[in-house]
Amino acid sequence: MRIAILTALADDPDRKGRKRAFRIFAGRSILSHQLDCAIDLGCESVACLVGGLGQDVIACQHRAEAAGVRFQAIEDIRRLSGLVKADDDVFVIADGLLPSVDEAVRLLGERSVVLTFPADPALALGFERIDGDCAWSGMLRTRGQSVERLSDLPPDAEAASALLRIALQAGTRQAPLDPALLANGDWLLRADPPTLLAREKRWIAGKVSPVSFAAPGLATTERMGSRLARDIVGTRLERIPLFAAVGAGVLAALTAALGKPLVALSLGTVMAVLIPIAGVIQRLGRMPRNRTKRLGVDTTLRAGADLLLVGLIALNIPVEGPAWLRLFVPSMLFAMLWLGEQLDYGPPGGSAGWRALYADRIVLLILLLPAAFFGTAQLACAVLAALVLGSLFLRKAEESGLTAD
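Residues numbered from 1 in each chain as written. Predicted model: local features only at pLDDT ≥ 70, side-chain atom pairs only at ≥ 80, totals over all residues. Heavy atoms only, no water.

Asks: Got a minute to help me understand the overall build of the protein in this structure?
Replies: For the protein, the count of helices and strands is 17 helices and ten strands. Projected onto its principal axes, the C-alpha positions of the protein cover 90 × 55 × 40 Å. Looking at the protein as a whole, 49% of its 405 residues qualify as buried. Surface exposure of the protein reaches about 19100 Å², of which carbon and sulfur atoms provide 60%. Here the protein holds 44 positive side-chain charges and 41 negative ones, and the gap between their average locations is 4 Å. (Helix = DSSP H or I, 4+ residues; strand = E, 2+ residues; numbered from the N terminus. Buried < 20%, exposed > 50% of the residue type's maximum accessible area, 1.4 Å probe, protein only. Areas by Shrake-Rupley, 256 points an atom, 1.4 Å probe, with all protein chains shown as cover. Lys, Arg positive; Asp, Glu negative; His and termini not counted. Charge placed at Lys NZ, Arg CZ, Asp CG, Glu CD.)

Put into structure tokens, the structure is as follows:
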């Protein structure tokens, strides 16, 4: 079995009475992010040394249980030996450490190892010295038999440091980490608030990768979601944008059923604005390695929203002419937009921008709402469908090296 040992006992020097492990990073405590790292490492159980069951610890316990991982909060270091068997794989994460998860998984995934940094500059950043040349990075992997020796220590001993010494005495190999992780702020132990905030912004940007402003509506709302995520991810407010998007869609359908198609299409536009925001927040708040199942904002909800929008647009098309045309024209428009999202061809570097533009329902509805108001929604859909079809041919021609000349 793989077991992670976490610690939440060190005081936060920037906030009196607060623990370093409970500092907030991207809407959740550092301890919660350490838990995610443990889950990514394949741990089936997590033991956390804490001074009491506070709200942050309970939140971690619920998050672990949602991922199918056992979480045990303990106050006595000597209890660890009773939780770990000699043949278990034990992963240790130092108190308050915020590592680069990808690097940790890559280096700790195979065998026992102590991850290190050069003593200079690691010591100045608060990392623990191992010898004259190296400092401990705050993460290691060892065998469960090392934990048994903790029962000989006093109850107030520092578990992570003790396990480090035991692992080194047992001859566990050392693996150096790239010092650039420290220079770039991607591996933090005792970071000041500005450094932590800078890391948070990079982390969110790396998780979300907002689209370019080739799709202005989508780009704007995703950036709004990124900023909002910093305040609500990990809180009770996390799911409000998702519920609001679903609520706007339901309200739009009910309004359409009451004979107010233009108002319903306006509510559909509100839904289209909320869906990308909810998608960003979900991607930042979901469990690591997608260990949990949630409503897929980027798939299920978007597909349902598109079907609803097709119906709302059809209701805004005048009844004159064959009734099937009311549904056929917007259906063809959305089908071609969907096709454009899937096709990966076009000029080098420009394909992603095209696909984002095809996915931008906000711009589409901003164009269609005035047309619906003036009774020309069918004509607008037909023109837009022709433009989308023409752009698909243009992208294919550019990929093939063909030009108008």
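Asks: Explain the nonpolar core here, please?
Replies: A general tendency of soluble globular proteins is for nonpolar side chains to be buried together. The biggest cluster of nonpolar side chains holds 64 residues, and the ones touching the most others in it are L80, L115, F127, W136, M139 and W187. Among all residues touching L80, those that are not within four sequence positions of it are I5, A47, L49, I74, V147, L150 and A159. Grouped together as the second largest cluster of nonpolar side chains are 39 residues, L265, V310, L365 and L384 included. (Core = buried A, V, L, I, M, F, W, Y, C linked by side-chain atoms within 4.5 Å. Contact = heavy atoms within 4.5 Å.)

Asks: For this particular structure, what's the right way to read a nonpolar patch on the surface?
Replies: Together, V246, V250, L251 and L254 make up an exposed nonpolar region whose accessible area comes to about 330 Å². Along the polypeptide, L251 turns up in helix α11 (residues 240-257). (Patch = residues over 30% accessible without salt bridge, like charges linked within 9 Å, V, L, I, M, F, W, Y side chains within 5 Å. Salt bridge = Lys/Arg side-chain N within 4 Å of Asp/Glu carboxyl O.)

Asks: What should I look at first to understand the packing of aromatic side chains in this one?
Replies: Geometry of an aromatic ring pair is reported as the spacing of the ring centres plus the angle between the planes. As enumerated under the stated definition, the model contains five aromatic pairs in all. Chaining the aromatic ring pairs together yields one cluster made of F117, F127 and W187. (Phe/Tyr/Trp six-rings, centres within 6.5 Å; stacked < 30°, edge-to-face > 60°.)

Asks: Which parts of the structure should I look at to understand the environment of I240?
Replies: Tracing the backbone shows I240 in helix α11. Once the C-alpha coordinates of I240 and I281 are considered, the two residues, 41 residues apart in sequence, prove to be 9.9 Å apart.

Asks: Hey, could you run me through helix α4 (residues 101-108) in this one?
Replies: All buried positions along α4 are accounted for by A104, L107 and L108. For α4, the angular spread of the buried residues around the axis is 85 degrees, confining them to a single face. With respect to the buried face of α4, the exposed residues turned more than 90 degrees away are D102 and R106. Looking at the packing, one finds that the buried side of α4 touches α1 (30-40), β6 (89-93), β7 (113-118) and β9 (134-143). (Arc of directions from axis to C-beta.)

Asks: Sorry if this is basic, but what is going on with α1 here?
Replies: Residues spaced three or four apart along an α-helix point in a common direction, a consequence of the helix completing one turn every 3.6 residues. Among the eleven residues of α1, eleven are classified as buried, and the element is accordingly described as predominantly covered. Those residues of α1 lying buried are I30, L31, S32, H33, Q34, L35, D36, C37, A38, I39 and D40.

Asks: When you look at the confidence of the model for the protein in this model, what are you seeing that I'm missing?
Replies: Low pLDDT marks regions whose predicted coordinates should not be analysed in detail. Across the protein, pLDDT averages 85, with 92% of residues at or above 70. Here residues 290-295 is modelled with pLDDT under 50, and outside its nearest four sequence neighbours on either side it reaches 14 contacts, counting other chains as well. (pLDDT = per-residue confidence, 0-100.)

Asks: Before we go on, may I ask you to explain empty space enclosed by the protein in this structure?
Replies: Gaps left between atoms are located by rolling a probe of water-molecule size over the structure's atoms. In this structure the tally under the stated criterion is one cavity of 30 Å³ or more. Here the largest cavity is characterised by a volume of approximately 40 Å³. Looking at the largest cavity, the residues that line it are R23, I30, G96, L98, L188, L189, A191 and L196. (1 Å grid on protein atoms, 1.4 Å probe; cavity = no way out; pocket = protein on both sides within 12 Å on 5 of 7 lines; lining within 4 Å. Points joined across faces, edges and corners; volume = space filled by probe spheres on them.)

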